[in-house]
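Listed below are the residues making up each chain.
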Amino acid sequence: MNAEDEIREELETHLRAAIAERMAHGESREDAERAARREFGNLTHVSEVTREQTYGAIGIWLERLAQDVRYGLRALRRTPAFTITAVATLAIAIGANSAVFTVVNGVLLRPLPFVDADRLVLASYLPPDLPFEPPPGLADRNWLAYREHQHSFSAVGAYVRRAATLSGAGDAFRLTGARVEPGVFAALQVPPIRGRTFSREERDVDNVVVLSSRLWHERFGSDPRVLESSISLDGVPMTVIGVMPPGFGFPAESDFWTPLTVQLNAHNSFILSVLGRLRPAVTAEQARAELAVIMAQMPPDPKDPETKAEANMLPLKDVLTGRVAGSLYIFAGAVAFVLLIACVNVANLLLIRAASRRREMAVRVALGAGRGRIARQLLTESSIVGLAGGALGIVIAQVGVRALLAIAPAGRIPRLDEVHLDGWVLAFTIAVSLVTGVAFGLVPAIQGGRRPPREAMAHGTRTVGGATTRLRGALVAAEVALALVLLTGAGLMIKSFIRMRAADKGYDGSQVMTMAVDLPSLGYPDATRQKAFHARLMDGLAHIPGVRGIGAISWRPMGGVGMMGDFVVEGPSPVPHGFGLDKTLVSIGYFATMKVRLDAGRDFSVGDVAGAPKVVIVSRSVANRVWPGQDAIGKRVSMETDHPGSDSWMTVIGVVNDVVQDRSMEKHATMYFPIQQSDWGFILGHMTYVVRTSADATTARAMRAVLRDVDPTVPAQQLMSMDDALMDVAAEPVFQTRLLSVFAAIALLLAAIGTYGVLAYDVAERTREIALRMALGATPANVVAMVMRRTILLAASGAAVGLFGALALTGVLTKSLYDVSPNDPATMLVVVLAIVGVALLAGFAPARRASRVHVLTAFLAD
Amino acid sequence: MPRSGLTRLELLQGTLDMIVLQTLRWGPRHGYGIAQMVKANSANALQVDTGSLYPALHRLERQKLIVAEWDTSENGQRVRVYKLTAAGRRHLVSEKSRWEQLTNAIAAILTEPAEGET
């Protein structure tokens, strides 16, 4: 027997004794009972206040909670349809939130996997207004001075990313890695799992290399004998001196590291990334000030004395994750909207449920349960629903994270290997479950506590609660508004994407396959041998069955890379100040294959060989900027900007369309040089081929085979269609579009379900009234119109509020949108029509049901 | 909710505990018995509200000033009987002396001005 029953028994004994005594004094049983009960007071209440003394405050609270939970579970079991719908709705919404949070947590929130990772910063001293956005870093001459004089770091080192071709270990393969100074490993404080990292004395010419654990495992079978043996990178034998631990790929997905030796070069300056570990007592701001002081003592750059640079110390984590942070926070916001809609839906379900439980609640009030008690009971039930949804949501989140990472653009999200379920994700989910449970349970709880019991007892379930009906309407409008905001976001992204695909890019990439190669300098030391390679390869590609055109280009459109430079023109008018252009090598046939239109003049031809007069083709905007109002054909240009030699002049023979080069979709001013006449070995060492064909897959295999025949040590890179190349540069917007669309679809579905649910309940609640109206002459059409009017009213008011929300919020997408304003009226119109349309669909079934109400219903008992 | 058992004289805060302990000095008793005895001993002037009495009994029990056990009454019913403990007895003595000090002090205040008025 538990304490509650004991107290109850004790109190009943008291009551019986009182009755017995009154009867002993001659009162009738009825009189005695009535008087004794009045004297005793409310038995439930006395029992409760007594119990509080038995256990103390916390004990009673726990006991009541257990009781509420027991009662709540029983109540939820009685209404399985409600429980399943509510739990499933929440599970989807909480699951989606937990999935996004798992990624946000792994990528943005969790500290980097280094000792005291918040002490790691990147030093930067760069002009703030460069035409391109370089990663933070220092020019080499600045770095040498700074490395000499700085006292802020306990360890510091420069690094640059590099790529190299690994041969002799399976198929030739292009790897990304980094050149690093020993200070980088020292700053990161990550020791190798095998061998060692570089010593201070080791230089790049020592040909030593440290491998990633992944490369060691995948290409060398984790064979310890690889250490101190040699592997071939770009054809150069390199001694493996160490292997880094699994998961280490600094700065991002690196598979090998070679020593960086910084040497000043008279002609070129390089920007180096600089990683340092702050000394224990030094703040990032102090380090920044020191960098600024040291840099101020440097003599000004002789080439560009006007340049003003800014000193900065950037937390390593911000630099590694900065690019995706914006996207991830947008996702987090969008998915929170889905959760809000789910909450609104469940709140509505609870309101409807509360209406049908009015009698039950009234009975409990009459039995002495306080209003607070009833409210708490309802909150307990909604919290149970929330937690059940959360438990299921964790499962959904695990699937969701995998789906999310599957559609995420490869290589664009850093730290993906750190994305997994952990204590924080669990805590987040539990917190979200509880908060949602309380949030959507609050409204019905307040309503439930307020209902006057006598009225409820008398009217049972048929009370027409005007206030409740209005509240349900407002909730439906709210979810329509929330769904509209998400739909607008998705709509804008989709429109932007369609526009980007349809945009005139200056070339026609459909049915074009592309492949890039890097020629190792060991096997191809000069332009002659590089050009011989290109000629052999292009000959092979041209003989692939089905190939209708072939060309080569140093940096293809959508490759994300290019070489910018300046030039001089013959004659009095100079090149406009600050006008730079892309310098690109192309083969004969490139323009025809990519369908880049020739505006004037002629294409390169077989006559334009070395020794023949040097020729160039310029793009339309070059002609317009440099020779406005004149014919560009026949004009002469030179790349030797200081003192052009007499043999450096090149004649413009043609003008072609401008071509877009990256996802900004901006047309680039470009100057094209024929490969045959070029001796720029550093450009000829990298080449991209384009092949016009109708059979993508078989052509890709054939292209790879041709390359293997020409040189098996040169790996094929970026072998894909030009359409895929476009998708590749647009990977992030595509990812955002897909994810937002999924969230918007869920939101729309939930809003539709919510609208349907409320209207269906309205109709059910008003059956008798509708029947009466029909008895008084209303036609079914009138009844349908009545329900649909309410639907339109709810949807339209929701849409109006949602429009304001969308106008306020879609600005966060500005960066991701191409050629679409965040407040694009056409998108907004379509979205409003769509959401009102869906609401009408949702309202139609209840309306039809209403029109079929039998007149007799009005006169039948409930 | 009707509060039927209102005290005809308002009990001072804390005095109920003392009264209950005092009542139990004459032997173990169940809740109803205590209520009846208080009523009788105060010549019907005090009527103890059950909503105060039972919480007081359980509070005193938690403080180990009284103990309770289930017993069978003369007419065969299970009743919960309370008994004073040694600690309760000591507590009652000190409470009573505090009470006397208090009532004496109040009485002194209430009677003194009458002398000064003349």
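Remember, predicted model here, so these are calculated numbers, not experimental data.

Focus on the overall build of chain B
The secondary structure content of chain B amounts to 4 helices and 3 strands. Across chain B, helices and strands are ordered from the amino to the carboxyl terminus as α-β-α-α-β-β-α. Expressed as a percentage of its 118 residues, the buried residues of chain B come to 27%. Looking at chain B alone, contacts between residues at least 24 apart form 53% of all its contacts between residues at least 6 apart.

Some thoughts on the overall build of chain A
Helix and strand content of chain A: 24 helices and 25 strands. The C-alpha atoms of chain A give 37 Å as radius of gyration, which overshoots the globular expectation for 862 residues (29 Å, by more than 25%). For chain A, the C-alpha atoms occupy an extent of roughly 135 × 70 × 50 Å along the three principal directions. Across the 862 residues that make up chain A, the buried fraction comes to 42%. In chain A, once contacts between residues fewer than 6 apart in sequence are set aside, the share between residues at least 24 apart is 84%.

Concerning helix α24 (residues 825-851) of chain A
Think of an α-helix as turning once every 3.6 residues; residues three or four places apart then point the same way. A rise of 1.5 Å per residue sets the reference length of α24(A), with its 27 residues, at 39 Å; its end C-alpha atoms lie 37 Å apart and thus fit the reference within 8%. In α24(A), a bend of some 30° at Phe844(A) exceeds every other bend along the element, and Pro846(A), a proline, comes one to four places later.

Some points on the interface of chain A and chain B
If you look at the interface, chain A gives 19 residues, while chain B gives 20 residues. Among the elements of the structure, α1 (3-24), α2 (29-40) and α3 (43-78) of chain A are those that each provide at least two residues to the side of chain A that touches chain B. Of the residues assigned to the side of chain A that touches chain B, the class counts are 6 nonpolar, 8 polar and 5 charged.

What about the nonpolar core?
If you look at the biggest cluster of nonpolar residues, it comprises 220 residues, and the most contacted ones within it are Val338(A), Ile341(A), Val480(A), Ala483(A), Leu484(A), Leu486(A) and Ala747(A). Tallying contributions element by element places helix α9 (residues 316-356) of chain A first for this core, with 22 residues. Counting 27 residues, the second-largest nonpolar core is a separate cluster that includes Phe40(A), Ile19(B), Val38(B) and Ala56(B).

Thoughts on the packing of helix α1 (residues 15-24) of chain B against helix α2 (residues 31-41) of chain B
Residues and elements named next belong to chain B. At their nearest, the axes of α1 and α2 sit 10 Å apart, and the two run at 100° to each other. Judged by the angle between their axes, α1 and α2 are roughly perpendicular. Of the residues in α2, those touching α1 at Ile19, Val20 and Thr23 are Ile34, Met37 and Val38.

Observations concerning the sheet that holds strand β1 (residues 29-30) of chain B
Residues and elements named next belong to chain B. Read from one edge to the other, the open sheet built from 3 strands follows the order β1-β3-β2, with strand pairing classed as antiparallel. Edge positions in the open sheet fall to β1 and β2 (66-72), since each of these has one partner strand only. Here 2 bridges tie β1 to strand β3 (residues 78-84), and the two strands are oriented antiparallel to one another. Within β3, the position partnered with His30 by the bridge is Val81.

Description of the pairing of strand β6 (residues 208-211) of chain A
Here is the key point about a regular strand: its side chains alternate between the two faces of the sheet. Residue and element names in this part refer to chain A. What you see with β6 is no split at all: Val208 and Val210 on one side and Val209 and Leu211 on the other are buried throughout. Sheet topology places β6 next to strand β9 (residues 256-259); 2 bridges connect them, and they run antiparallel. The residue bridging Val210 from the neighbouring strand is Trp257, located in β9.

A few points about the environment of Asp31(A)
Locating Asp31(A) in the fold gives a position in helix α2. Counting along the chain gives 12 residues from Asp31(A) to Ile19(A), while the straight-line C-alpha distance between them is 9.0 Å.

So, the environment of Leu112(A)
Residues and elements named next belong to chain A. Relative to the helices and strands, Leu112 is located in the loop between α4 (80-109) and β1 (120-126). A count of 19 C-beta atoms within 10 Å places Leu112 in the partly exposed class. Residues Leu112 and Glu418, 306 residues apart in the sequence, show an inter-C-alpha distance of 9.1 Å. Once you skip the residues sitting within four places of it in the chain, Leu112 turns out to touch Ala117, Leu316 and Lys317.

Things to note about the packing of helix α23 (residues 780-809) of chain A against α24(A)
For any two helices packed against each other, the geometry comes down to the angle between their axes and how far apart the axes lie. All names here are of chain A. Two elements in contact, α23 and α24, have axes whose closest approach is 8 Å; the angle formed by their N-to-C orientations is 150°. Between α23 and α24, the angle is such that the two are roughly antiparallel. You can see that α23 and α24 cross each other, and the crossing is right-handed. Contact residues: Pro780, Val783, Val784, Val787, Met788, Thr791, Leu794, Ala795, Ala796, Ala799, Leu803 and Ala806 in α23; Met828, Val832, Ile835, Val836, Ala839, Leu840, Gly843, Pro846, Ala847, Arg848, Ala850 and Ser851 in α24. Of the residues assigned to the contact of α23 with α24, the class counts are 20 nonpolar, 3 polar and 1 charged.

Looking at the pairing of strand β13 (residues 549-553) of chain A
All names here are of chain A. Counting buried positions along β13 gives 4 out of 5 residues, so the element sits mostly inside the fold. Direction of pairing for β13 relative to strand β24 (residues 686-692): antiparallel, over a ladder of 5 bridges. Across the sheet, Ala552 pairs through a bridge with Tyr689, a residue of β24.

Some remarks on α23(A)
Helix length check: α23(A) (30 residues) gives 42 Å between terminal C-alpha atoms against 44 Å at 1.5 Å per residue, within 8%. Taken together, the buried positions of α23(A) are occupied by Val783(A), Val787(A), Arg790(A), Thr791(A), Leu794(A), Ala795(A), Gly798(A), Ala799(A), Gly802(A) and Ala806(A).

Let's talk about the confidence of the model for chain B
All names here are of chain B. Per-residue confidence for chain B gives a mean pLDDT of 80; residues scoring 70 or more make up 83%. The model gives residues 1-8 a pLDDT under 50, and that stretch makes 22 contacts with residues more than four places away or in other chains. With a pTM of 0.72, the predicted complex shows an ipTM of 0.81.

Quick notes on unusual backbone geometry
Residues and elements named next belong to chain A. Cis geometry is found at the peptide bond from Phe250 to Pro251, where omega equals 0°. Its location among the elements puts Pro251 in the loop between β8 (236-243) and β9. Non-glycine residue Met558 carries a positive phi angle of around 65°. The topology assignment puts Met558 in the loop between β13 and β14 (564-565).

About the cut-offs
- Residues numbered from 1 in each chain as written.
- Chains lettered and ligands numbered in written order.
- Predicted model: local features only at pLDDT ≥ 70, side-chain atom pairs only at ≥ 80, totals over all residues.
- Helix = DSSP H or I, 4+ residues; strand = E, 2+ residues; numbered from the N terminus.
- Buried ≥ 20, exposed ≤ 12 C-beta atoms within 10 Å, placed from the backbone.
- Contact = placed C-beta atoms within 7 Å.
- Rg over C-alpha atoms; globule rule 2.2 N^0.38 Å.
- Expected span 1.5 Å × (residues − 1).
- Bend = angle between axes of the 7 residues up to and from the residue.
- Nonpolar A, V, L, I, M, F, W, Y, C, P; charged D, E, K, R; others polar.
- Core = buried A, V, L, I, M, F, W, Y, C linked by C-beta atoms within 7 Å.
- Axes fitted to C-alpha atoms, helices over the stretch in contact; angles between N-to-C directions.
- Parallel < 35°, antiparallel > 145°, perpendicular 65-115°, else oblique.
- Pairing = 2+ DSSP bridges.
- Left-handed = near helix turned anticlockwise from the far one by under 90°.
- pLDDT = per-residue confidence, 0-100.

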